[in-house]
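# Structural overview
Single-letter residue listing:
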Amino acid sequence: MTLGILGGTFDPPHIGHLMLAEEARLALSLGQVLFVPAGDPWRKAGRELSPREDRLAMVRLAVGDDPHYAVSTLELDRSGPSYTADTIAELRDQFGLETEFFFIMGADSLADFPHWREPLRILELARLAVAERPEPGDAPFGEALAEELAGALRQGVVWLRMPLVAISASAVRERVRRGLSIRYWVPPVVEEYIRQHGLYVGG
Ligand code: ATP
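Below you will find a few notes about this structure. (Residues numbered from 1 in each chain as written. Predicted model: local features only at pLDDT ≥ 70, side-chain atom pairs only at ≥ 80, totals over all residues. Heavy atoms only, no water.)

All told, the structure shown has 9 salt bridges when counted by the stated rule. The partner of Arg 127 in a salt bridge is Glu 100, and the shortest N-O contact between them spans 2.5 Å. One end of the pair, Arg 127, is in strand S5 (residues 127-131); the other, Glu 100, is in strand S4 (residues 100-106), and 27 residues separate them in sequence. One salt bridge connects Arg 133 with Asp 108, and the closest N-O pair in it is separated by 3.0 Å. Linking Arg 133 in the loop between S5 and helix H7 (147-156) with Asp 108 in helix H5 (residues 107-112), this pair joins segments that are 25 residues apart in sequence. Salt bridges linked by common partners bring Asp 86, Glu 118 and Arg 121 together as one network. (Salt bridge = Lys/Arg side-chain N within 4 Å of Asp/Glu carboxyl O. Helix = DSSP H or I, 4+ residues; strand = E, 2+ residues; numbered from the N terminus.)

Further remarks concern the sheet that holds strand S1 (residues 2-8). Sheet architecture is open: 6 strands sit in the order S3-S2-S1-S4-S5-S6, paired in parallel fashion. Edge positions in the sheet fall to strand S3 (69-71) and strand S6 (157-160), since each has one partner strand and no second. Each strand of the sheet is rotated relative to its neighbour by a mean of 30°, with strand direction disregarded. As paired strands, S4 and S5 are joined by 5 bridges and run parallel to one another. Looking at the pairing, Ile 104 lines up with Ala 129 of S5. Packing against the sheet, helix H4 (residues 84-95) makes contact with S1, strand S2 (32-37) and S4, and its axis sits at approximately 150° to S4. (Pairing = 2+ DSSP bridges. Axes fitted to C-alpha atoms, helices over the stretch in contact; angles between N-to-C directions. Contact = heavy atoms within 4.5 Å.)

The following block contains the structure:
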């Protein structure tokens, strides 16, 4: 089988994440897409993050009961920084060698990818399924890459075709903070959760 893995902070999950997951699922005929909320997203260190229980609850609500999607607490259950290489290695143990992995991401994450821990190990374990993202400065790659990593990326990246979705979790948080509507930016159940729990209002 083929498995898509969508890691993120999901603070909150929004329509961009769901479109990304669905486009990847259809384009790559994925058996399932696993949403993996980060416990400690070390590449976003220094940024205030909603409690993990809230992020997990919102991802579960966003995914709903669609059997094509599942949520993994693997990174939330682990202490220390959430390294994707460790996550995929754990999933490899869980799913076995016959499962083909695609790690799904937006182009901003691909641009950052060379700075992740053990990028070559990640590319040994999974291919990257990448969607364009309409944000300035996210053209991969701003820097010269080591030859080995550049070669592995040439082999290991699959580009997804999806409409550009100019929605980010930061923009959703900002809109809530400013009292603006987030209707249609996030699924209704997530909107309701954010309202009920008073997320993103302060600051
Ligand atoms: P923030 O604004 O808080 O940094 P985010 O919207 O980028 O958050 P993440 O949870 O960090 O959301 O994203 C998880 C993954 O989903 C990343 O690989 C990111 O590139 C991708 N992604 C998020 N939003 C979109 C989008 N609108 N289009 C394509 N990919 C997206």
